[in-house]
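What follows is each chain in one-letter form.
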Amino acid sequence: AIAMKDFQENVSKLKNLESFRLKFEAKIKATFPEAVIVGEDAPRLAGTTLIGYPGTHGQAVQIELESNDIFVTTSAACTDNQPETSKVLEAMGITDEIGRGVIRISTSYGHSAEDYEKLGMSLIAAYQKLKKIKSF
């Protein structure tokens, strides 16, 4: 009951969250056109992004982001921290070149535009560093 009340009181903030997410994703795609946002054209949760960069390992991206106090998971929810592409992503047509590098970013209506700005800068720095080293 408390969770439902909290949701009802904050549901209007989801539009803001979605706009932060879309701006963040657009910035990443503008900087790295080869990055893949899984489900980019599908209806998605306001604060969830699955993104991969060809040839990088999700765990390497995860470690880079953790050094900036940003905590993400790898792959699809059912296979976090597995080095191979999850069966869920494979079923969606995601290749190993992308699937092994996918990270899942989950935010909530409590996150701000500034949080997404920090996330964007940190992810750009991680991709710039890691793209120099082809992981597989």
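Quantities reported herein were computed from a predicted structural model and do not represent experimental measurements.

1. Examining the overall build of the protein
Logical step 1: Secondary structure assignment for the protein yields 6 helices and 4 strands.
Logical step 2: When its helices and strands are written in sequence order, the protein yields α-α-β-β-α-β-α-α-β-α.
Logical step 3: Relative to a compact globule of 136 residues, whose C-alpha radius of gyration would be 14 Å, the protein shows 15 Å and is just as compact.
Logical step 4: Taken over the C-alpha atoms alone, the protein extends approximately 45 × 30 × 25 Å along its principal axes.
Logical step 5: Across the 136 residues in the protein, those meeting the buried criterion constitute 37%.
Logical step 6: Carbon and sulfur atoms make up 58% of the accessible area of the protein, which totals about 7,600 Å².
Logical step 7: Measuring between centres, the 16 positive side-chain charges of the protein sit 3 Å from its 18 negative side-chain charges.

2. Details of helix α6 (residues 113-130)
Along an α-helix, residues three or four positions apart point the same way, because every turn accommodates 3.6 residues.
Logical step 1: For α6, which comprises 18 residues, the first-to-last C-alpha distance of 25 Å matches the rise-based estimate of 26 Å (1.5 Å per residue) to within 8%.
Logical step 2: Among the residues making up α6, those that are buried are Tyr116, Leu119, Gly120, Ser122, Leu123, Ile124, Ala126, Tyr127 and Leu130.
Logical step 3: Elements in contact with the buried residues of α6: α2 (13-31), β2 (48-52), α3 (58-66) and β4 (103-106).

3. Considering the pairing of β2
Logical step 1: Burial analysis of β2 places 4 of its 5 residues in the buried class, which makes it a mostly covered element.
Logical step 2: Direction of pairing for β2 relative to β4: antiparallel, over a ladder of 4 bridges. Its bridge partner lying in β4, Thr49 is registered against Ile105.

Thresholds, definitions, all that
- Residues numbered from 1 in each chain as written.
- Predicted model: local features only at pLDDT ≥ 70, side-chain atom pairs only at ≥ 80, totals over all residues.
- Heavy atoms only, no water.
- Helix = DSSP H or I, 4+ residues; strand = E, 2+ residues; numbered from the N terminus.
- Rg over C-alpha atoms; globule rule 2.2 N^0.38 Å.
- Buried < 20%, exposed > 50% of the residue type's maximum accessible area, 1.4 Å probe, protein only.
- Areas by Shrake-Rupley, 256 points an atom, 1.4 Å probe, with all protein chains shown as cover.
- Lys, Arg positive; Asp, Glu negative; His and termini not counted.
- Charge placed at Lys NZ, Arg CZ, Asp CG, Glu CD.
- Expected span 1.5 Å × (residues − 1).
- Contact = heavy atoms within 4.5 Å.
- Pairing = 2+ DSSP bridges.

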